[in-house]
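Structure assessment
Chain residues, written in single-letter form:
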Amino acid sequence: MFPLTSFLLYTFVTSITPGPNNIMSMSLGLKVGFKKTLYFNAGVLTGFCIITLLCAFFCAKLNEWIPEIRLPMLVLGTLYLIWLAVKILRSTYDTKAVEPKWIFLKLM
């Protein structure tokens, strides 16, 4: 169906890049500790692998059922990535220092 080694490498790399799951994991780790966060991390890893596997399976099946869709999918995916890159390049950020708000300390 697809190369398993490439799939596992992709899954590993994308699971350690910054994103909402990693931010939740770090936040929970700070709040309850490393050992208590392991179950959450195992759930995130399991869910991520299942979703990635399903996406790979359905993309492979779609390519098998409608082979003509491969080129439009590649073109649309490439255009989308270029659009994202342009949005990032053109974005502006306010670089002046911001006073930290310590509201979260009052909640603890």
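A quick note: this is a predicted structure, and the numbers were derived from the prediction, not measured.

**So, the pattern of salt bridges**
Tallying each qualifying case throughout the model produces one salt bridge. Among the salt bridges present, the one from Glu-64 reaches Lys-61, with a minimum N-O distance of 3.6 Å. One end of the pair, Glu-64, and the other, Lys-61, are both in helix 3 (residues 34-65), three residues apart, so they sit about a helical turn from each other. When its relative accessible area of 52% is taken as the criterion, Glu-64 is described as exposed.

**Some thoughts on the layout of surface pockets**
The calculated volume of the second largest pocket comes to roughly 260 Å³. Lining the second largest pocket are 15 residues, with Ser-15, Ile-16, Asn-21, Asn-22 and Val-44 positioned closest to its centre. At the level of elements, helix 1 (4-16), helix 2 (20-32) and helix 3 are the ones that each hand at least two residues to the lining of the second largest pocket. A total of five residues in the lining of the second largest pocket trace back to one element, the largest contributor, which is helix 3.

**What to know about the packing of helix 1 against helix 3**
Look at helix 1 against helix 3: their axes get within 11 Å of each other, and the N-to-C directions meet at 130 degrees. The orientation of helix 1 relative to helix 3 falls into the category oblique. The hand of the helix 1/helix 3 crossing is right-handed. Mapping the contact onto sequence places Phe-7, Tyr-10, Thr-11, Thr-14 and Ser-15 in helix 1 and Phe-48, Cys-49, Thr-52 and Leu-53 in helix 3. Here the residues of the contact of helix 1 with helix 3 are counted per class, giving five nonpolar, four polar and no charged.

Conventions and cut-offs
Residues numbered from 1 in each chain as written. Predicted model: local features only at pLDDT ≥ 70, side-chain atom pairs only at ≥ 80, totals over all residues. Heavy atoms only, no water. Salt bridge = Lys/Arg side-chain N within 4 Å of Asp/Glu carboxyl O. Helix = DSSP H or I, 4+ residues; strand = E, 2+ residues; numbered from the N terminus. Buried < 20%, exposed > 50% of the residue type's maximum accessible area, 1.4 Å probe, protein only. 1 Å grid on protein atoms, 1.4 Å probe; cavity = no way out; pocket = protein on both sides within 12 Å on 5 of 7 lines; lining within 4 Å. Points joined across faces, edges and corners; volume = space filled by probe spheres on them. Axes fitted to C-alpha atoms, helices over the stretch in contact; angles between N-to-C directions. Parallel < 35°, antiparallel > 145°, perpendicular 65-115°, else oblique. Left-handed = near helix turned anticlockwise from the far one by under 90°. Contact = heavy atoms within 4.5 Å. Nonpolar A, V, L, I, M, F, W, Y, C, P; charged D, E, K, R; others polar.

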